[in-house]
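The lines below spell out each chain.
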Amino acid sequence: MSATPAVIVAIDGPSGTGKSSTSKAVAARLGLSYLDTGAQYRAITWWMLNNGVDTADADAVAAAAGKPSIVSGTDPLSPAISADGADASGPIRTQEVTAAVSAVSAVPEVRERITGLQRTIAAEARGGIVVEGRDIGTTVLPDADLKVFLTASPEARAARRNGELKTADGTSVSDLAATQQALTARDRADSSRKTSPLKKADDAVEVDTTELTLEQVVECVVTLVEKAAAGKEGPAQDREKAAR
Ligand SMILES: Nc1ncnc2c1ncn2[C@@H]1O[C@H](COP(=O)(O)OP(=O)(O)OP(=O)(O)O)[C@@H](O)[C@H]1O
Ligand SMILES: Nc1ccn([C@H]2C[C@H](O)[C@@H](COP(=O)(O)O)O2)c(=O)n1
């Protein structure tokens, strides 16, 4: 049996602040499961685009919300996501999905469906889990053992995103101003929707990653998780430690 109590960690924040990279690395370091909730919203959006649902029509999206089966893997070393059995991990990162996902994820029927899946996955992760998204600390898992809210300046986030898009000769393919504009437009949509908007939970620890390397952010969050885990230790863990 593990000596570290199972912890539930919620990592939220706007796009490009490093939620996925940090969450995967922290989960892998500490032997926790990992859930990318943005990938779930992207997968249902991809399914709708492929199945003739007009993603700008909230009624059509609501009517289709219960139809696809969305299955997420929880291994931080090989994150997986499928929609109706089809591997969605590549196609969910296309521009077409990115442009439509904020509208789809604002529909209450979609949120209810995906939030249910997220809570089930977290409850089944017996060894603990890192769940990243926009509303994990506020709505999905309000009793999480640790809530972290990552931020970074729009300039830093756009530069990080641009760094991901390279041509074969290594030059950047998209213009920085356009990337920053797209990021801030998505933040605005995600923060202003009525149901479960992007928001820092009152009891979340805010980490500004603008001037930090990814390794520094991971180190910082690992320390926070270890403190939260130590705070959860009870008599059973004390007895186990004493016996060692
Ligand atoms: N502290 C950092 N310093 C520099 N680059 C970083 C840092 N954190 C993450 N990155 C890089 O920034 C890019 C975006 O990171 P990541 O995908 O983890 O962000 P995110 O918050 O999950 O974004 P989204 O919500 O859009 O999925 C990646 O290329 C990642 O390697
Ligand atoms: N908990 C979440 C996670 C994601 N979303 C929506 C809003 C995002 O723009 C979109 C894609 O997320 P990303 O992959 O960029 O992290 O999904 C949400 O509403 N709630």
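Under an unreviewed UniProt entry, the name given to the chain is Cytidylate kinase, and the organism recorded is Streptomyces qinglanensis. Under the heading Subcellular location (unreviewed entry), UniProt records this for the chain: "Cytoplasm". Among the UniProt annotations of the chain, the heading Sequence similarities (unreviewed entry) holds the following wording: "Belongs to the cytidylate kinase family. Type 1 subfamily."

Once that is clear, we can look at the site of ligand 2. In the region of ligand 2, 16 residues are neighbours, and Arg-42, Arg-111, Asp-135, Arg-186 and Asp-190 sit closest. Contact between ligand 2 and Asp-135: a nitrogen atom at 2.8 Å from a side-chain N or O atom of the residue. If ligand 2 stood free it would expose 450 Å²; the protein chains cover 97% of that surface. For the shell around ligand 2, the secondary-structure elements that each account for two or more residues are α2 (37-50), α4 (95-105) and α8 (176-192). Here the element with the most residues in the shell around ligand 2 is α2; it accounts for four residues.

Residues given the UniProt feature "binding site: ATP" (unreviewed entry) here are Gly-13, Pro-14, Ser-15, Gly-16, Thr-17, Gly-18, Lys-19, Ser-20 and Ser-21. With respect to the element layout, Gly-13 can be found in the loop between β1 (8-12) and α1 (19-30). Residue classification places Gly-13 among the buried positions, given a relative accessible area of 0%. When sequence neighbours within four positions are dropped, the list of residues in contact with Gly-13 reads Lys-19, Gly-133, Arg-134, Phe-149, Leu-150 and Leu-198. If you trace the backbone, Ser-21 turns up in helix α1.

Ser-15, Lys-19, Ser-21, Arg-161 and Glu-164 are the nearest of the 17 residues found near ligand 1. The separation between an oxygen atom of ligand 1 and a polar side-chain atom of Ser-15 is 2.6 Å. Taking Lys-19, its side chain carries an N or O atom lying 2.7 Å from an oxygen atom of ligand 1. Burial of ligand 1 by the protein amounts to 79% of the accessible area it has alone, namely 630 Å².

Here we take up the sheet that holds strand β2 (residues 33-36). Within a sheet, each strand pairs with its neighbour through backbone hydrogen bonds, oriented either parallel or antiparallel. Within the open sheet, the five strands sit side by side as β2-β6-β1-β7-β8. Their pairing is parallel. Looking at strand neighbours, the two that pair on one side only are β2 and β8 (205-208), the edges of this open sheet. Strand-to-strand twist across the sheet, computed as the mean angle between neighbouring axes with direction ignored, equals 20°. As paired elements, strand β7 (residues 146-151) and β8 share four bridges and run parallel to each other. Within β8, the residue paired with Phe-149 across the bridge is Glu-206. In the packing of helix α9 (residues 214-232) onto the sheet, the strands contacted are β1, β7 and β8, and the crossing angle to β7 comes to about 165°.

Conventions we followed
- Residues numbered from 1 in each chain as written.
- Chains lettered and ligands numbered in written order.
- Predicted model: local features only at pLDDT ≥ 70, side-chain atom pairs only at ≥ 80, totals over all residues.
- Heavy atoms only, no water.
- UniProt positions renumbered as here; feature names shortened; annotations may be inferred.
- Near = heavy atom within 4 Å.
- Polar contact = N/O pair within 3.5 Å; in protein donor to acceptor, adjacent residues only side chain to side chain.
- Areas by Shrake-Rupley, 256 points an atom, 1.4 Å probe, with all protein chains shown as cover.
- Helix = DSSP H or I, 4+ residues; strand = E, 2+ residues; numbered from the N terminus.
- Buried < 20%, exposed > 50% of the residue type's maximum accessible area, 1.4 Å probe, protein only.
- Contact = heavy atoms within 4.5 Å.
- Pairing = 2+ DSSP bridges.
- Axes fitted to C-alpha atoms, helices over the stretch in contact; angles between N-to-C directions.

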